[in-house]
Amino acid sequence: MRIIKGVAILFAVIGVVVAGSFLGLYSLHAPDTAEEAEFLGLNSASTVHFDEFGIPHIYADNNEDAWRILGYVHARDRLFQMDVLRRVGAGRLAELFGDDVVPIDRLFRTMGTAEIARESYEAFMQNPTEDWQLWAQAYVDGINQFRENNAHPIEYTILNLEPEPFKAVDMYHVAAYMSFSFAMALKTDPLVDKIKHQLGDDYLASLSVHSEDWHPKMPTTNADSALTTQTDRASIAASVHEVLNSLPLPLFEGSNSWVISPKKSKSGKVLFANDTHINYAQPAVWYEAHIETPTMRLYGNFLAGFPYPLIGHTADRAWGLTMFENDDMDLFKERIIEQQFLHKDSLKPLVSRQEQVLSSSGKALEFSVNSTVHGPIINAILGDSTLTDSISCFWTLTKFPIKFLQVTHQFCTAQSMADFKRLLPEIAAPGLNVMYGDAEGNYAWWATAKLLHRPAHVNPKVILDGSSGNDDPLGYYPFEENPRSVNAPSGFVHSANNAPQTINGREVFGYYYAGQRSLKISEELANADLWDVEMMQALMLNDVSPWYPSNAELMTENIVTQSDFQKDILSALNTWDGSHDLDEHACIIYYQMLYHTLKLAMKDDLGEKDFNAFIHTLFYLRSVPAFLSAEHNPWWDVKGTDHIESKDEILQMAFDSATAQLESALGSDVSIWKWRDVHQLTHEHPMGKVPVLGDFFNVGPIEIAGGEEVINKQSFWIDEGVNYRVKSGPAMRILIDFADVENSLSVLPTGQSGNPFSDHYDDQALLFAEGKWRKQRMNKGDIEANTSLKIRFTPAKAREPQALVE
């Protein structure tokens, strides 16, 4: 399908003359189908079966060989993606994509991701001796074997570049990139600070700055149960949003997961579900691979350039992730005097380092990064000349060496639940909810992060005082005090990025979602006595919001209609059940009404730039019910008018504006409006914004059910237009019944391969959009019966050095 599409596009744009060139590109870049290959460094012959979806099933006599081959086949399908991910974390993306992405590189260099990656590599990988080190190095060696001995992806031909060799430090660059994509503080705290200091606390009162009492919480046990069976600071948020929005890579956002106990399972075994919510991109974020050795039976989801699966399962245990969303980043206002900063009544020298960002254009940007005791001064990455305060950023990630390699290797090799969780305290950042289930019947989640211990008076959602030292972190709480739930009496554990219950009365500050996904999941899990995989499929695809109909009622209870068209609009909202299926139309109306309500109420107070920043954060999502419920909300008054507007006046104006916008975009017959026509998904390639190339590399648009903050989360930005382009959602869906581990279910959003000439570039795209599934095969007979390509790798002899010619 991709080949035909590519030919059509190139013919149309360049003409028939290019046919020979295209065929040449195809012959050069099409996936290699050779069934024999020699492999330098391999200890013994090994075999890879690629199944009907291109997923590799690796059979090797030892684990080092298995990971060496994993690196090779991963690069075979995703080499360009590997290169892009490592360059983001290293602050070297402009070397591929030129001047437009220099601000991204400057952001990551300033934040210190390259520094902490280098320090972690030097601490852990310079002299590999342990299994976790040796297998990781074998993976890197496998990547380089593919890079050195095969044609490079077509992206390099287009860019006229060659991929550099991969190094062990690049694994840490990938980990640092993943960690930064969780950083909500830069997007949210400056907005809260502006509202507090420029508008006042009464404006904050109608917004959910922190997790509210009415937000559903994740139950915690915190004991392992035994198994018995003033400056315009908001410009920071707006500027960071602009930079990250230009990043040609997915950002991690949220997730769903639940694990059901044997007593609530029809099979009598643990049931496991996980779907990570990440910005959509092409290729898909996760790469699936299955490894079999005498001591390993592993099926995993791998990040490009990282050797161990963050999500995976063996025959005995399964693990997954959701984002904890804890607050691990604080901003400080610093007092700088020449090359010194004031701290605790003492002037101390700024720590300075030199950075250079190179661009493929040949240009070079050289700059200094100055740091206080809290962290780097981040003003220079914002591009805002009006910012007069010096703002530093304290980030937990940069305070500890990155130990993701050790932790994820432990996931793969653990022999018990106690063994599995042994290294969880080593995760400093980002905060993760690690979900767990096993064949013995255990089910659990642990919040893993170094949780900041702040002074009692500190509100971490505003910019703090850096000079006095009074707002400085006091340290970190011990891991034993982190939220968790192990073998809960309810018979299940779940996580949907909502806040955990307080621990000994202590709130864990974070950027949590309000909890409507969590509420729906927990209600459904509690209401049914026994569950199976088919029921979990339906739950994972549930697209009904338990809250939005109530929000709609709050917005329309006193609306006066002026026409039959407006009556139809109002009737649709009043009878809506919160569904986001493809033929629904009330959800279209809801999001338009919500946007115009927020715009009329807030834009005059925040300004256009900061209002747009606000509606691009989860801060707005979790504030809506409280905002709409507040009768005397100061946001309702419009600046510059002769009187104080009421809530009803603003809502009437919003209704009139929204209905006019809808009629202009979709026509006056409400009955023919369909969610499928305005809610569509395009998986965009890093080069997808380039004319012609976008049509070739991108996958979509594809109509898709789901919506914002429903279980089948398909997120989008609300704005003036009636076009809800999906930006993020499940990066995979996984369902496991430990009664039949060899036939667990999954699906990727597009396909396994990043090669546009491969049959597996987008062969799962419609399966995913239609809510269908495929097997995660682990039975060898089943795999052999569904093999599309088999490659036998044999050890290659090292080349003899050539004699010098006199």
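Heads up: these notes are all about the structure in this document.

Definitions and cut-offs
Residues numbered from 1 in each chain as written. Predicted model: local features only at pLDDT ≥ 70, side-chain atom pairs only at ≥ 80, totals over all residues. Heavy atoms only, no water. Helix = DSSP H or I, 4+ residues; strand = E, 2+ residues; numbered from the N terminus. Buried < 20%, exposed > 50% of the residue type's maximum accessible area, 1.4 Å probe, protein only. Pairing = 2+ DSSP bridges. Axes fitted to C-alpha atoms, helices over the stretch in contact; angles between N-to-C directions. Contact = heavy atoms within 4.5 Å. Parallel < 35°, antiparallel > 145°, perpendicular 65-115°, else oblique. Nonpolar A, V, L, I, M, F, W, Y, C, P; charged D, E, K, R; others polar. 1 Å grid on protein atoms, 1.4 Å probe; cavity = no way out; pocket = protein on both sides within 12 Å on 5 of 7 lines; lining within 4 Å. Points joined across faces, edges and corners; volume = space filled by probe spheres on them. Salt bridge = Lys/Arg side-chain N within 4 Å of Asp/Glu carboxyl O.

## Remarks on unusual backbone geometry
Moving on, step 1. A cis geometry characterises the amide bond from Gln282 onward to Pro283, with omega recorded as 5°.
Moving on, step 2. As for its placement among the helices and strands, Pro283 is situated in the loop between β5 (271-279) and β6 (287-293).
Moving on, step 3. Despite not being glycine, Asn487 shows a phi value in the positive range, around 50°.
Moving on, step 4. Positive phi, normally seen in glycine, also occurs at Asn497, with a value near 70°.
Moving on, step 5. When you line up the elements, Asn497 lands in the loop between β23 (492-495) and α15 (516-527).
Moving on, step 6. The class for Asn497 is buried, based on a relative accessible area of 0%.

## Examining the sheet that holds strand β8 (residues 311-314)
Moving on, step 1. A sheet is described by the order of its strands in space; here 11 strands give the open sequence β1-β30-β2-β3-β6-β7-β8-β9-β17-β18-β22, paired in mixed fashion. In the strand order of this sheet, the two ends are held by β1 (36-40) and β22 (484-486), each with one partner. Strand-to-strand twist in this sheet, taken as the mean axis angle between neighbours without regard to direction, amounts to 20°.
Moving on, step 2. Sheet topology places strand β2 (residues 46-51) next to strand β3 (residues 56-59); four bridges connect them, and they run antiparallel. Bridge pairing in β3 links His49 to His57.
Moving on, step 3. Across the sheet, helix α3 (residues 63-90) lies against β1, β2, β3, β6, β7 (296-302) and β30 (787-796), angled at about 155° from β6, the strand it touches most.

## Focus on the packing of helix α19 (residues 586-606) against helix α21 (residues 618-629)
Moving on, step 1. Across the interface, α19 lies against α21 with an axial gap of 12 Å and an inter-helix angle of 80°. The orientation of α19 with respect to α21, classified from their angle, is roughly perpendicular. For the pair α19 and α21, contact is made by Tyr590, Leu594, Thr597, Leu598, Ala601 and Met602 and by Tyr620, Val624, Phe627 and Leu628, respectively.
Moving on, step 2. Residue composition of the contact of α19 with α21, grouped by class: nine nonpolar, one polar and no charged.

## Thoughts on the layout of surface pockets
Moving on, step 1. Taken as a whole, the second largest pocket encloses approximately 590 Å³ of empty space.
Moving on, step 2. Looking at the second largest pocket, it is lined by 34 residues, and the ones nearest its centre are Ala30, Pro31, Asp32, Arg76 and Asn755.
Moving on, step 3. Breaking the lining of the second largest pocket down by element, the ones donating at least two residues are α2 (19-29), α3 and β30.
Moving on, step 4. In terms of residue count, α3 provides more of the lining of the second largest pocket than any other element does, seven residues in total.
Moving on, step 5. When its residues are assigned to classes, the lining of the second largest pocket shows 16 nonpolar, 12 polar and six charged.

## So, the environment of Thr113
Moving on, step 1. Position of Thr113 relative to the elements: it lies in helix α6 (residues 113-124).
Moving on, step 2. The spacing of Thr113 and Ser179 is 66 residues in sequence and 9.1 Å in space, taken between C-alpha atoms.

## What about the pairing of β3?
Moving on, step 1. Going residue by residue along β3, you find Pro56 and Ile58 tucked away on one face and His57 and Tyr59 tucked away on the opposite face as well.
Moving on, step 2. Counted along the chain from β2 to the antiparallel partner β3, the turn is four residues long, and its residue Gly54 has a positive phi close to 80°.
Moving on, step 3. Bridge count between β3 and β6: three bridges; the pairing is parallel. By the bridge assignment, Ile58 is partnered in β6 with Ile291.

## Describing the sheet that holds strand β13 (residues 346-349)
Moving on, step 1. Strand order across the open sheet formed by three strands is β11-β12-β13, with antiparallel pairing between neighbours. Of all the strands in the sheet, the pair left with one neighbour each is β11 (336-337) and β13.
Moving on, step 2. Pairing analysis gives four bridges linking strand β12 (residues 340-343) to β13, with the strands arranged antiparallel. Opposite Phe341, over in β13, you have Lys348 as the bridge partner.

## Re the pairing of strand β28 (residues 743-747)
Moving on, step 1. Of all the five residues making up β28, four are buried; the element is thus mostly covered by neighbouring parts of the structure.
Moving on, step 2. The sheet contact formed by strand β27 (residues 733-737) and β28 spans three bridges and is antiparallel. Paired with Leu735 across the two strands is Leu745, which belongs to β28.
Moving on, step 3. Counting the residues that bridge the hairpin from β27 to β28 gives five residues.
Moving on, step 4. As paired elements, β28 and strand β29 (residues 774-777) share four bridges and run antiparallel to each other. Bridge assignment links Ser744 to a residue of β29, and that residue is Gln776.

## Some points on the pattern of salt bridges
A pair can form between side chains of opposite charge whenever their charged atoms are brought close.
Moving on, step 1. The final tally for this structure, using the stated rule, is 44 salt bridges.
Moving on, step 2. We note a salt bridge from Glu684 to Lys689, for which the minimum N-O separation is 2.7 Å.
Moving on, step 3. Glu684 sits in the partly exposed class, given a relative accessible area of 30%.
Moving on, step 4. Among the salt bridges present, the one from Lys772 reaches Glu770, with a minimum N-O distance of 3.2 Å.
Moving on, step 5. The partly exposed category is assigned to Lys772, whose relative accessible area is 41%.
Moving on, step 6. Residues joined in a network through salt bridges with shared partners are Asp83, Arg86, Arg87, Arg92, Glu95, Glu164 and Asp170.

Limitation: the analysis is restricted to geometry and does not speak to function.
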